[in-house]
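# Residue-level structural notes
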Amino acid sequence: MQGWAMAAAMLCAVPTLAEEPELEPGTTAICRVAQPADGDLKAFAARYFPAAGKTGIDGLIACLGDPHPAVRDEFAFALWSEGLRGKQLSPEWMRYTGQQLSAILVQPDDAAGFRKPFAALTLSEIARADWIDPFLTAPELHALAETAASYLRDVRDYRGFFADEGWRHGVAHGADLLMQLALNPRLARADADLLLGAIAAQVAPVASPLYVHGEARRLARPLLFLAKRADIDDAAWAAWFQTLHPDAAVRWQTPYASAAGLAAVHNSSAFGDAVYVAASESQDPQVRRLVPLAAGLLKALP
């Protein structure tokens, strides 16, 4: 009986392919990983990842681009989170997964726009695993910081949430990845500067619409953790905030006469508010250094 029980358990653990879920006409399912009938992702992760191998890992990465939000977000990303937080992947498989996700982030945007934001969000779980129990080498951590900063800085797809499609949220997911890197005590100052540059690029980018899906708060989070660093002095913070102040660009000269100007004021104000409130409530004197700087940004806005 024990042999049969072991064989049955092994059979349940082997990743299997799923039938395509029902989708809107004209869309095609990408995820081919069968979901557990009982919906217990924690238990499923404990079975899936030890038996996954390259095929199973690659298959679940592909699920992150599925057009169905219940598959992409509620199943695929949730399963990655359960597996990584539950320590179901070895360092070797986490490293492989990180490499595959990083490769997605440097690819051109696809029309659907789901794959890269969810690759970034899943990569944030890899970054989290590393600062909790380090497995990346210093060069690998640097490469991850470069990839993360480049991705967030270059986001041009600002679609957030649509009821029939779910989330894309490239800016927020990129910021989540930067937050997990900012929490890493092994992150070099040069890499912290890369993250700061990427955050600044998305506070009020020229091409962005009005941020209405919490992007400002998400961008503020990595900044608040970077503020805890002793190697970024007051002068450096003052210089960084100064880059966010209105400049000679047309959108700032007549901000209430164009959509671009209105977006710049709205998005800058939302970011300044988010930093000001969070820093004011912090008990960390390092973080509280940002209070007058955030206030200065708000006062500088037209």
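To start, this report covers the structure provided alongside it.

Reading the values: the criteria
Residues numbered from 1 in each chain as written. Predicted model: local features only at pLDDT ≥ 70, side-chain atom pairs only at ≥ 80, totals over all residues. Heavy atoms only, no water. Helix = DSSP H or I, 4+ residues; strand = E, 2+ residues; numbered from the N terminus. Rg over C-alpha atoms; globule rule 2.2 N^0.38 Å. Contact = heavy atoms within 4.5 Å. Areas by Shrake-Rupley, 256 points an atom, 1.4 Å probe, with all protein chains shown as cover. Lys, Arg positive; Asp, Glu negative; His and termini not counted. Charge placed at Lys NZ, Arg CZ, Asp CG, Glu CD. Disulfide = S-S within 2.5 Å. Buried < 20%, exposed > 50% of the residue type's maximum accessible area, 1.4 Å probe, protein only. Expected span 1.5 Å × (residues − 1). Bend = angle between axes of the 7 residues up to and from the residue.

### Details of the overall build of the protein chain
The helix and strand inventory of the protein chain stands at 14 helices and two strands. On C-alpha atoms alone, the protein chain measures out to a radius of gyration of 21 Å, which is about the 19 Å that the 2.2 N^0.38 rule sets for 302 residues. Overall, the C-alpha framework of the protein chain stretches about 75 × 45 × 30 Å when taken along its three principal axes. Considering only contacts within the protein chain whose residues lie at least 6 apart along the sequence, 71% involve residues at least 24 apart. Put simply, the protein chain shows about 14400 Å² of open surface, and 59% of that area lies on carbon and sulfur atoms. Of the charged side chains in the protein chain, 26 are positive and 34 negative; the average position of the first set lies 4 Å away from that of the second.

### Observations regarding the state of the cysteines
On inspection of all chains with the given rule, the structure shows one disulfide. What pairs with C31 in a disulfide is C63, and their sulfur atoms sit 2.0 Å apart. For the disulfide bridge between C31 and C63, the dihedral angle about the S-S bond is near 65°, and by the sign convention the bridge is right-handed. Here the residue C31 occupies a position in the loop between helix 1 (2-13) and helix 2 (41-62), and C63 occupies one in the loop between helix 2 and helix 3 (69-85), the gap between them amounting to 32 residues. For C31, a relative accessible area of 5% gives the class buried.

### Some details on helix 2
Look at helix 2: only 18 Å from first C-alpha to last across 22 residues, short of the 32 Å you get at 1.5 Å a residue. Helix geometry: helix 2 is bent most strongly at G53, by close to 120°. Listing the buried residues of helix 2 in full gives L41, F44, A45, Y48, F49, A52, G56, I57, L60 and I61.

### Overview of the side chain of R218
Structurally, R218 can be placed in helix 9 (residues 215-226). Those residues in contact with R218 that sit more than four places away from it in its chain are H169, A172, H173, A175 and D176.

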